[in-house]
Amino acid sequence: MPEDRIERSAAGVFSVMVDNRREIIYLAGPPSDRWAAWNGNVYRVSADTGTRSGQHVSPLGPAGHSLVAPMPATVIAVLVAPGARVAKGESLILLEAMKMELPIRALGDATVKAIHCRAGDLVQADQELVELE
Amino acid sequence: MRPASHRQSLEDDIRPDMIQRLLIANRGEIAIRIIRACRELGVETVAVYSDDDARAPHVAAADRAVHIGPATPAESYLSIPNLIAAARSAGADALHPGYGFLSESPALAQACERARLVFVGPPSGVIARMGSKIEARRLMQSAGVPVVPGETPDDQSDQGLRRAVDRVGLPVLVKASAGGGGKGMRSIRDAGDIDDAVRAARREATAAFGDGTLYVERLVDRPRHIEVQIFGDHHGRIVHLFERECSAQRRHQKVIEESPSPALTPVVRERITDAAVRAAAAVEYRNAGTVEFLLARADASGNADRFYFLEMNTRLQVEHPVTEGITGLDLVSAQLLVAAGAALPWAQEAVTSRGHAIEARVYAEDPARGFLPQAGRILLYREPRMPGVRVDSGVAEHGEVSVHYDPLLAKVIASAETREQARIRLVTALRQFPILGVRTNIAFLIGVLEHPRFRAGEIDTAFLDAEGAAIAAQIPTEAPPFVLAAIAAADEQEREQGAEPDAFGSVAHSSWDPWVRLNGWRT
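Residues numbered from 1 in each chain as written. Chains lettered and ligands numbered in written order. Predicted model: local features only at pLDDT ≥ 70, side-chain atom pairs only at ≥ 80, totals over all residues.

This paragraph deals with the overall build of chain B. Broken down by element type, chain B carries 16 helices and 24 strands. Within chain B, the fraction of its 523 residues that count as buried is 54%. Looking at chain B alone, contacts between residues at least 24 apart form 65% of all its contacts between residues at least 6 apart. (Helix = DSSP H or I, 4+ residues; strand = E, 2+ residues; numbered from the N terminus. Buried ≥ 20, exposed ≤ 12 C-beta atoms within 10 Å, placed from the backbone. Contact = placed C-beta atoms within 7 Å.)

This is how it looks when you write it as C-alpha cells:
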C-alpha cells in the first residue's frame, strides 16, 4: 500500500501507513464536528471554529464572565445572590448529575450580576447559570 | 441420602433446579453479565428497565423485560414495590440485585423473602448486620479481625458529627453508613472543613442510598486497599478466592483492580485471607461477598503486614472478573447455584490461582475537564477482541449514555502469566477500544497503567489523587497529522459524492471508493 494513501477499510474505519506501521483511525460525526480515535486517544475536530485539535474550547473568560452548566444536570443549591462579591474558586451553584455533586466555581474575583437558575431546575449542557461582572 | 456434611436445615428444601426464571434488578454491564451466566445454566431471564432504558442492551439480552418506571432511579431501579411487582408479573422465582442500587438493601432481600422469591445474595439479616458499621465492627473484633477506629454517632446533626470527629481524631473519613462506591464519602484533615464535608457527604448519601446517616472513621494514611473474595453456602462451607488489589482509586472510586496484589507476601496473604474467612464465618455468610481491608504502609521498624477490616460488601463486586481471571471460576454461576441451595462447587483446596489479571473501568467522563461525567449518544463503539482479554459492557454503538445513571460503560480485563504481561495486554486492548461521541477515560487509564509507580506496583489509595491530574494533563489533545489527513479524506469524499452523514452521524457510506490519495499531510 502506498504510504500516502488512506484506505477506508470499513464503516468509520480508516487506515494509513506511517513509518512502516499500519495506523487505524476511527471516525464518526458530521464534517462540522468530527470525532476521531487513534491508539487510545480521542480527538474532536470542529470545522466551524477551525480548531483542528481535541482541545475543548472554553467559552469562559476570567473576569466578567458567565458560568454555564457543563452537562445536563439538576441544580441542588444556589449558594449566592445577585450583588454578592465572590472570590476566585468560590462555589456558586451546586449541580448534581450521575449521582455526583458538581460545584460551579467562580473563575476570578467578581460580583454576581444575575442568577439564571433555581434549586430543583433541570438544566441543559451550556445553559447559562450565573452572570458575573 | 444426603452427604453427611450437609446440615439438615430449612434451606435443604431448596433445590438447585428451583431457579427457573430470574429477575435481574439492575441495568448495564452487570445485568448482561448475569444474563450470560443464566444462559449457561438454562435459567430464563427477566430484565427490568426505566423509560430511558427501553432500548438498552440489557433489555435486548434478556428473555423478557418489564418496565418499572421513569428514568429517576428512586422511582424505578430503587423502587422495591416496583421490582417485586415486576417479578410477580413476569413469573420470576428468583431475583439477582447485581451491585449498586438495592444490592445491599436488607429491605429488598426481606421483600423477596416475603414474596417467596429466592434472593441471590445473603439473608436480609446478614445484609443488615454488615450494613451497620457498628455491628460489623463489633462482630469483626469478636472474631479477632482488626478494625480501624470509628463510629456512627447517634446524634447525626452537624454538631453531633463535629463531636464524633473530635472523638475519632483527625484526619478522618466521613462516609455514607448505607453504602459504598465512593458516593457520600469525604476526607477531612482540617477542623475548618468539617461542616462543608459533612453536609456534602450527607447530601450525596441521601441521593445515592436514600439514607443520609454518616459514619466517621480514622483515616489510615496512604494505605493499600486489599479485599478478599469469599463465598459461603447453605451448608456451612466458606471459602476464599484470594485477594484483589484496588488501590488505584480516584476520589474513592476504583479505577483499576488486579489480582494477585503485588504487595502481599505469601505469609500476609495467608493471614488476610484467613481473617476474611473468619469474618464471613462470624456472620454465617452465604453467597458471594467481599471483605475489604486497609493494608497499612510499612512502619518505622519495617513491619508491612498490619491490615484493618474496612467493611464487608454483601454482594457481587464490579471487579469480580479479575478473580475469575486467576481462578478460572464463574462467580455468578456459583451465586445462582448456591442461592438455590446447592453446596458450593469448590472446596478450599480446589481453589487455585494462576497468572495475573488486571481490570480497567471505562467511564463516560472527561479527564480534561475534571473527570466530569459525560452523557449523550455513542457514535462509534468497537470493543477489542484478542486472546486473554475480556470485555464486560452494557452499551452499544448508537446507544445513549443517560445522565441518570452511573457512567461506567465497560470493564476491560486482561489475563496473562505475569503482571507485566497482563499490564501490556490491557494497554494494548485499551488502545484498540475506540469510543466516539462521548468522552471516556480510556487515555487516562492507559496513562495510569504506563505510570512508573503502577508498573512497579508501588501504589496506594492516594496514588491517583496525587498523580491523576498530571496523568490527565499528559493526554494528547492535538491530533497527529495522519489523523487530520484521514478526516480530510472523509471530508473530501463526502463533498465529492454529496454523501450526507447517516442518521447517526457516521462517516461511512457504501458507495465510496475505498481509496483516496492525499498528498502533503506529512509534517
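Structure's up, so let's keep going.
Let's shift gears to the sheet that holds strand S6 (residues 66-68) of chain A. Working definition: the strands of a sheet are paired by backbone hydrogen bonds and lie parallel or antiparallel to each other. All names here are of chain A. Spatial strand order, S6-S13-S11-S8: 4 strands in an open sheet with antiparallel pairing. Taken across any chain shown, the strands that pair with only one partner, and hence form the sheet edges, are S6 and strand S8 (85-86). Pairing of S6 with strand S13 (residues 128-132), which is carried by 3 bridges, proceeds in the antiparallel orientation. Bridge pairing in S13 links Leu 67 to Val 130. (Pairing = 2+ DSSP bridges.)

This next bit is on unusual backbone geometry. Residues and elements named next belong to chain B. Of note, the bond from Leu 170 into Pro 171 is cis; its omega dihedral lies within 30 degrees of zero at -5°. Relative to the assigned elements, Pro 171 resides in the loop between helix H7 (158-168) and strand S7 (172-176). The omega torsion across Ser 259 and Pro 260 is -5°, close enough to zero to call that bond cis. Following the sequence through the fold, Pro 260 ends up in the loop between strand S12 (253-259) and helix H9 (266-282). Located in the positive-phi region is Glu 284, a residue other than glycine, with phi close to 50°. Checked against the element boundaries, Glu 284 lands in the loop between H9 and strand S13 (287-295). The phi dihedral of Phe 371 falls on the positive side, at around 60°, and the residue is not glycine. Assignment of secondary structure puts Phe 371 in the loop between strand S16 (365-366) and strand S17 (372-373). Judged by the 21 C-beta atoms lying within 10 Å of it, Phe 371 is buried.

The next point concerns the confidence of the model for chain A. All names here are of chain A. Of all residues in chain A, 81% attain a pLDDT of 70 or more, and the chain-wide mean is 79. Mean pLDDT across the elements of chain A ranges from a minimum in strand S10 (residues 100-105), with 76, to a maximum in strand S4 (residues 34-38), with 96. Here residues 48-63 is a poorly scored stretch, pLDDT under 50, and it has 26 contacts once near neighbours within four places are set aside; other chains count. (pLDDT = per-residue confidence, 0-100.)

This part covers the packing of helix H13 (residues 442-450) of chain B against helix H15 (residues 463-473) of chain B. Residue and element names in this part refer to chain B. Two numbers describe how H13 lies on H15: the axes approach to 10 Å, and their chain directions differ by 120°. The angle between the axes of H13 and H15 places the two elements in the oblique class. Both H13 and H15 take part in a crossing whose hand is right-handed. Only Leu 464, Ile 471 and Ala 472 of H15 make contact with H13, whose side of the interface consists of Phe 444, Gly 447 and Val 448. Split into classes, the residues belonging to the contact of H13 with H15 amount to 5 nonpolar, 1 polar and no charged. (Axes fitted to C-alpha atoms, helices over the stretch in contact; angles between N-to-C directions. Parallel < 35°, antiparallel > 145°, perpendicular 65-115°, else oblique. Left-handed = near helix turned anticlockwise from the far one by under 90°. Nonpolar A, V, L, I, M, F, W, Y, C, P; charged D, E, K, R; others polar.)

Turning our eyes to something else, we now look at the sheet that holds strand S14 (residues 307-313) of chain B. Residue and element names in this part refer to chain B. Pairing within the open sheet is antiparallel, and its 8 strands lie in the order S14-S13-S10-S11-S12-S15-S22-S20. A strand with exactly one partner marks an edge of an open sheet, and here the two such strands are S14 and strand S20 (389-393). The sheet shows a mean angle of 25° between the axes of neighbouring strands, taken without regard to direction. Most of the contacts of H9 go to strand S11 (residues 238-250), to which it runs at about 110°, and overall it touches strand S10 (224-232), S11, S13 and S14. Each of strand S15 (356-363), S20 and strand S22 (408-416) is contacted by helix H12 (residues 419-431), which is oriented at about 140° to S22, the strand it contacts most.

Core analysis: the largest hydrophobic core is formed by 177 residues, its most contacted members being A:Ala36, B:Leu23, B:Val412 and B:Ala486. Of the residues forming this core, the biggest block, 8 residues, is contributed by helix H16 (residues 481-497) of chain B. In terms of nonpolar packing, the next biggest core, distinct from the first, is built from 22 residues, B:Val172, B:Leu173, B:Val174 and B:Ala205 among them. (Core = buried A, V, L, I, M, F, W, Y, C linked by C-beta atoms within 7 Å.)

Moving on, we come to the environment of B:Ala414. Residue and element names in this part refer to chain B. Position of Ala 414 relative to the elements: it lies in strand S22. On the basis of neighbour counts, which here come to 29 C-beta atoms within 10 Å, the residue Ala 414 falls in the buried class. Remark: the alpha-carbon pair of Ala 414 and Ala 429, spanning 15 residues in sequence, is separated by 8.1 Å. Residues contacting Ala 414, with those up to four places away along its chain left out, are Ala 357, Ile 358, Gly 388, Val 389, Ala 422, Arg 425, Leu 426 and Ala 429.

Below, the discussion takes up H13(B). Given 3.6 residues to a turn, an α-helix orients residues that are three or four positions apart in the same direction. Most of H13(B) is tucked away, with 8 of its 9 residues classed as buried. Of all the residues in H13(B), the buried ones are B:Ile442, B:Ala443, B:Phe444, B:Leu445, B:Ile446, B:Gly447, B:Val448 and B:Leu449.

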